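# Structure at a glance
Listed below are the residues making up each chain.
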Amino acid sequence: MIDKNLLRNQLDIVNKKLLMRGFTLNIEKIQEMERSRKIFQVKTENLQAIRNNLSKKIGILKRIKKNTLEIENEVSIINKKIYKYRNKLKIFELDLFKIYSEIPNIPSEDTIFTCIENKNQEIMKWGNIKKFNFKIKDHIELGKNLKGLDWKSSAKISGSKFVVMKGKIALLHRALSQFMIDTHTIEHGYLETYVPYLVNSESLYGTGQLPKFSSDLFHIQSSEKINEKIQYTLIPTAEVPLTNLIRDKIFNKEDLPIKLTALTPCFRLEPSSYGKESKGLIRMHQFEKVEIVQIVNPKYSMEALEELTLHAEKILQLLNLPYRKVQLCPKELGFSSSKTYDLEVWFPFQKKYREISSCSNMIDFQARRMKSKYKSSSKKTKKKFLHTINGSALALSRTLGAIIENYQLENGAIEVPLVLQNKYMNGLKIIS
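Right, let's talk about the pattern of salt bridges for a bit. Two side chains that carry opposite charge are able to pair once their charged atoms sit near each other. Taken as a whole and assessed by the stated rule, the structure comprises 15 salt bridges. The partner of arginine 37 in a salt bridge is glutamate 34, and the shortest N-O contact between them spans 2.6 Å. Of this pair, arginine 37 and glutamate 34 are both found in helix α3 (residues 27–63), 3 residues apart, which corresponds to roughly one turn of the helix. No difference in accessibility class separates arginine 37 from glutamate 34, as the two residues are buried. Sharing partners across several salt bridges, the network here consists of Asp110, Glu306, Glu313, Lys325 and Lys339.

The next subject is the nonpolar core. With 51 residues, the main nonpolar core has Leu420, Met425 and Ile431 as its most contacted residues. For this core, the elements supplying multiple residues, two or more each, are α8 (167–187), β10 (286–296), α11 (301–318), β12 (339–347), β13 (352–361), β16 (387–395) and α13 (396–406). Among the elements that take part in this core, α8 stands out by supplying 8 residues, more than any other. Setting aside its immediate chain neighbours within four residues, leucine 420 contacts Leu172, Ala175, Leu176, Phe179, Leu319 and Met425. Within the second largest apolar cluster, 17 residues are counted, among which are Met1, Leu18, Leu25 and Tyr205.

Note: strands within a sheet are paired through backbone hydrogen bonds, in either parallel or antiparallel orientation. Pairing is mixed in the open sheet, where 8 strands are placed in the order β1-β11-β12-β13-β16-β10-β9-β4. Edge positions in the sheet fall to β1 (121–126) and β4 (191–192), since each of these pairs with one other strand and no more. Across 5 bridges, the pairing between β1 and strand β11 (residues 323–327) is antiparallel. Residue lysine 125 lies in a different strand from β11, and its bridge partner there is arginine 324.

Time to look at the sheet that holds strand β8 (residues 250–252). As summarised here, the arrangement of the 3 strands in space is β8-β14-β15, forming an open sheet in which the pairing is mixed. The sheet is open, and its two borders are formed by β8 and β15 (384–385), each paired with just one other strand. Relative to strand β14 (residues 373–375), β8 is paired through 3 bridges, and the arrangement is parallel. Its bridge partner being in β14, asparagine 252 is matched across the sheet by lysine 375.

Positive charge collects at one region of the surface, where Lys43, Lys81, Lys84 and Lys88 lie side by side. Take the positive patch: its biggest share by element is 3 residues, from helix α4 (residues 69–100). On the secondary structure map, lysine 43 appears in helix α3. On the accessibility criterion, lysine 43 (36% relative accessible area) is partly exposed.

Counting across every chain of the model gives 10 aromatic pairs. With a centroid separation of 5.7 Å and an interplanar angle of 25°, the aromatic rings of tryptophan 126 and tyrosine 323 are classed as stacked. Of the two residues, tryptophan 126 sits in strand β1 while tyrosine 323 sits in strand β11, which places them 197 residues apart along the sequence. For tryptophan 126, a relative accessible area of 25% puts it in the partly exposed group. Plain terms: the ring middles of phenylalanine 132 and phenylalanine 134 are 5.4 Å apart, the flat faces sit at 75° to each other, and that makes the pair edge-to-face. Above the face of the tyrosine 190 ring, lysine 259 is positioned so that its terminal group lies 4.9 Å from the ring centre. Stacked on the ring of phenylalanine 385, the Lys or Arg lysine 373 has its end atom at 4.8 Å from the ring centre.

Next up on the list: the packing of α8 against α13. Here α8 crosses α13 at 120°, and the two axes come no closer than 10 Å. One way to sum up the angle between α8 and α13 is to call them oblique. The interaxial crossing formed by α8 with α13 has right-handed handedness. Contacts between α8 and α13 involve Ile169, Leu172, His173, Leu176, Ser177 and Met180 from the first element and Leu396, Thr399, Leu400, Ile403 and Ile404 from the second.

Rules used throughout
Residues numbered from 1 in each chain as written. Predicted model: local features only at pLDDT ≥ 70, side-chain atom pairs only at ≥ 80, totals over all residues. Heavy atoms only, no water. Salt bridge = Lys/Arg side-chain N within 4 Å of Asp/Glu carboxyl O. Helix = DSSP H or I, 4+ residues; strand = E, 2+ residues; numbered from the N terminus. Buried < 20%, exposed > 50% of the residue type's maximum accessible area, 1.4 Å probe, protein only. Core = buried A, V, L, I, M, F, W, Y, C linked by side-chain atoms within 4.5 Å. Contact = heavy atoms within 4.5 Å. Pairing = 2+ DSSP bridges. Patch = residues over 30% accessible without salt bridge, like charges linked within 9 Å, V, L, I, M, F, W, Y side chains within 5 Å. Areas by Shrake-Rupley, 256 points an atom, 1.4 Å probe, with all protein chains shown as cover. Lys, Arg positive; Asp, Glu negative; His and termini not counted. Charge placed at Lys NZ, Arg CZ, Asp CG, Glu CD. Phe/Tyr/Trp six-rings, centres within 6.5 Å; stacked < 30°, edge-to-face > 60°. Lys NZ or Arg CZ within 6 Å of the ring centre and 35° of its normal. Axes fitted to C-alpha atoms, helices over the stretch in contact; angles between N-to-C directions. Parallel < 35°, antiparallel > 145°, perpendicular 65-115°, else oblique. Left-handed = near helix turned anticlockwise from the far one by under 90°.

Listed below in structure tokens is the structure:
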């Protein structure tokens, strides 16, 4: 959530920045509601001041045994007015809260000035795109021929946008997850964390999925209706439970940064589409992902974003997968993000780069929603909101698809990336 003070005191500036990401504030409505809120807040505070003075007066009169009935009646009338004004104030605050909770984050200055003509900016490319001297196949056909990707069974069991993996392809998928987790915990210093896959609405609100993106999520409720008030949602990403570990907490400055990673399934109601670009392992209702999260002092948040992105890039480099790094323009930013880098891996069959990781700095946007702060050792210093950074490192299904296509051989077999062969694939070099 954006700082309320910015929305109250710099509304025009905030609106101009949000317009760059295609979001228009209803300035007149916000200003009108803020005026009404302020009127009832001032009225309430003035009446409270009067009541406090009268209460003191009652105390003095009682000590000298004077009649206080008239003043007590006056206090009673004031209390009724305060109750009335407080209720009206709550209504305006609730309505404003609903409006503010659906306003996306402000793009960073870097994002605004780096991105030209609302186009994502390519920062760099890494790796050599392999030239094949035979007709290449896509990962769908290769996986099917190797009896490792079973689309018919998954369609029968669940429907479209699911997959059954078997044999050595399933082993490769599992090996990738262990390789990623090991790299991030051993080399990059993240704490491996096991988290629930079902979360409540407060958690989804905290990271920004609710209220705006409810229709993109899988919501779960017990068919037996043991407790109708409890409704869970399957996580769209481990970002939700990992980041919510700091909700309603105050940390010591010395305890920062906090670096967490988790391997979880992710569940998303991807829109129905029939193009080549959404087939196979590219767009799934269920897939696994390794997420990395950093909770940091605001002073170092942009530096932390660069570091976290490099950690995601390291996985692609160790797998020797060609990729490019792109900075998203304001219109492409996610709801909670202030600055985002996308990593796009090369898919030979499509002859294009496809997103495999999104690394974002949310600045204090999520921390405000979660009421997450830090404090210094000095008692005079105010508590401040933390900054949160997260990224995919990486999405397993897309990584698997990229490996199958980039490492394919003329006979339809798949070469196993060198970094996985001995430690994670039991010495297996070729999947055939």
